[in-house]
Amino acid sequence: MRVAASALEPILALNVEKEVRKDALAIRSSSKGDLPQLLRQARQIDEEFVARLERLPLVRLEIRYEKIEPIRRRRMERLLEAAARILQAPWHGLRPAVRASYGEAQFAIMLREHLQLYAAEVDALNASVRFALLMAPLRERVRRNMEEQANALAHDVTRLLYD
């Protein structure tokens, strides 16, 4: 498994870059709230990611949007709402803006839900991935790990912002 995991590192790095780009788009466009445009841009970023993956021998990806889009839509809706809410706060800086926009429990719930939706989106995307045979057992481990990390990260970020 260690060999398979190390072979995945470049793919995972590309995936993180792709997700950061999509979330940054959502945050920057939160004042407009144009979800259909945001979803089109997310697909374009996905297509660029798939084109980059085609150069790698270990994996093939054909994104099945019928499974991913409903989850992505909910995640992006929530991200747009949260970003707009936080960016409208009259205070400068992340911590004061978040605290002005959300109570601690409310923020923890919102963040945990966003991260769980992200994990669900990744799980749906994983169903589109065709790994070399050696990589297939990693799918379930990745899904479980993401769910666990979503909960832990939501807790840690909430503590960081509210303590």
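Residues numbered from 1 in each chain as written. Predicted model: local features only at pLDDT ≥ 70, side-chain atom pairs only at ≥ 80, totals over all residues. Heavy atoms only, no water.

Details of the overall build of the chain
Turning to step 1, where the next piece is worked out: Counting secondary structure elements, the chain contains six helices and two strands.
Turning to step 2, where the next piece is worked out: Tracing the chain from N to C terminus, the helices and strands come up as α-α-β-α-α-α-β-α.
Turning to step 3, where the next piece is worked out: Taking all 163 residues of the chain together, 41% fall into the buried category.
Turning to step 4, where the next piece is worked out: Approximately 9,700 Å² of the chain is accessible, and the part contributed by carbon and sulfur atoms is 57%. (Helix = DSSP H or I, 4+ residues; strand = E, 2+ residues; numbered from the N terminus. Buried < 20%, exposed > 50% of the residue type's maximum accessible area, 1.4 Å probe, protein only. Areas by Shrake-Rupley, 256 points an atom, 1.4 Å probe, with all protein chains shown as cover.)

Considerations on the packing of helix H2 (residues 35-53) against helix H3 (residues 65-87)
Turning to step 1, where the next piece is worked out: The N-to-C vectors of H2 and H3 enclose an angle of 125 degrees; their axes lie 10 Å apart at closest approach. By the angle class used here, H2 and H3 are oblique. Taken as a pair, H2 and H3 cross one another with a handedness that is right-handed. In this structure, H2 uses Leu35, Leu38, Leu39, Ala42, Arg43 and Asp46 to contact H3, whose residues at the interface are Tyr65, Glu69, Arg72, Arg73, Met76, Glu77 and Leu80.
Turning to step 2, where the next piece is worked out: Here the contact of H2 with H3 is built from residues that sort into seven nonpolar, no polar and six charged. (Axes fitted to C-alpha atoms, helices over the stretch in contact; angles between N-to-C directions. Parallel < 35°, antiparallel > 145°, perpendicular 65-115°, else oblique. Left-handed = near helix turned anticlockwise from the far one by under 90°. Contact = heavy atoms within 4.5 Å. Nonpolar A, V, L, I, M, F, W, Y, C, P; charged D, E, K, R; others polar.)

Observations concerning the nonpolar core
Turning to step 1, where the next piece is worked out: Counting residues in hydrophobic clusters, the biggest one holds 14 residues, and the most contacted among them are Val98, Tyr102, Phe107 and Tyr162.
Turning to step 2, where the next piece is worked out: Every element with two or more residues in this core is listed here: H3, helix H4 (94-101), helix H5 (104-126) and helix H6 (138-162).
Turning to step 3, where the next piece is worked out: Among residues more than four places away in sequence, those in contact with tyrosine 162 are Val98, Arg99, Tyr102, Gly103, Glu104 and Phe107.
Turning to step 4, where the next piece is worked out: In terms of nonpolar packing, the next biggest core, distinct from the first, is built from 13 residues, Ile11, Leu61, Ile63 and Leu117 among them. (Core = buried A, V, L, I, M, F, W, Y, C linked by side-chain atoms within 4.5 Å.)

A look at the pattern of salt bridges
Turning to step 1, where the next piece is worked out: For the structure on display, the rule yields 15 salt bridges.
Turning to step 2, where the next piece is worked out: Note that arginine 75 and glutamate 19 form a salt bridge whose closest N and O atoms lie 3.4 Å from each other. Here the residue arginine 75 occupies a position in helix H3, and glutamate 19 occupies one in helix H1 (residues 2-28), the gap between them amounting to 56 residues. Each member of the pair, arginine 75 as well as glutamate 19, carries the same accessibility label: buried.
Turning to step 3, where the next piece is worked out: One salt bridge in this structure joins aspartate 46 and arginine 72, with 2.6 Å as the shortest N-O distance. Of this pair, aspartate 46 sits in helix H2 while arginine 72 is found in helix H3, placing the two residues 26 residues apart along the sequence. Pair check on accessibility: aspartate 46 and arginine 72 agree, each one buried.
Turning to step 4, where the next piece is worked out: Here the residues in one salt-bridge network are Lys18, Glu19, Lys22, Asp23, Asp46, Arg72, Arg75 and Glu121, joined through shared partners. (Salt bridge = Lys/Arg side-chain N within 4 Å of Asp/Glu carboxyl O.)

Describing the packing of aromatic side chains
A ring pair, where both rings are aromatic, is described by two values, the distance of the centres and the angle of the planes.
Turning to step 1, where the next piece is worked out: Summed over all chains, the structure comprises two aromatic pairs.
Turning to step 2, where the next piece is worked out: The interplanar angle of 65 degrees and the centroid separation of 6.0 Å between the aromatic rings of tyrosine 102 and phenylalanine 107 together place this pair among those described as edge-to-face.
Turning to step 3, where the next piece is worked out: Here phenylalanine 107 falls in the buried class, since its relative accessible area comes to 5%.
Turning to step 4, where the next piece is worked out: Among the aromatic residues, ring-to-ring pairing joins Tyr102, Phe107 and Tyr162 into one connected group.
Turning to step 5, where the next piece is worked out: Here the basic side chain of lysine 18 rests over the ring of phenylalanine 49, its NZ or CZ set 4.9 Å away from the ring centre.
Turning to step 6, where the next piece is worked out: Lying over the aromatic face of tyrosine 102, arginine 85 brings its terminal NZ or CZ to 4.1 Å of the ring centre. (Phe/Tyr/Trp six-rings, centres within 6.5 Å; stacked < 30°, edge-to-face > 60°. Lys NZ or Arg CZ within 6 Å of the ring centre and 35° of its normal.)

A word on the environment of alanine 51
Turning to step 1, where the next piece is worked out: Mapped onto the fold, alanine 51 is located in helix H2.
Turning to step 2, where the next piece is worked out: Classification of alanine 51 by relative accessible area gives partly exposed; the value is 41%.
Turning to step 3, where the next piece is worked out: Taking the C-alpha atoms as reference points, alanine 51 and leucine 61, separated by ten residues in sequence, lie 9.3 Å from one another.

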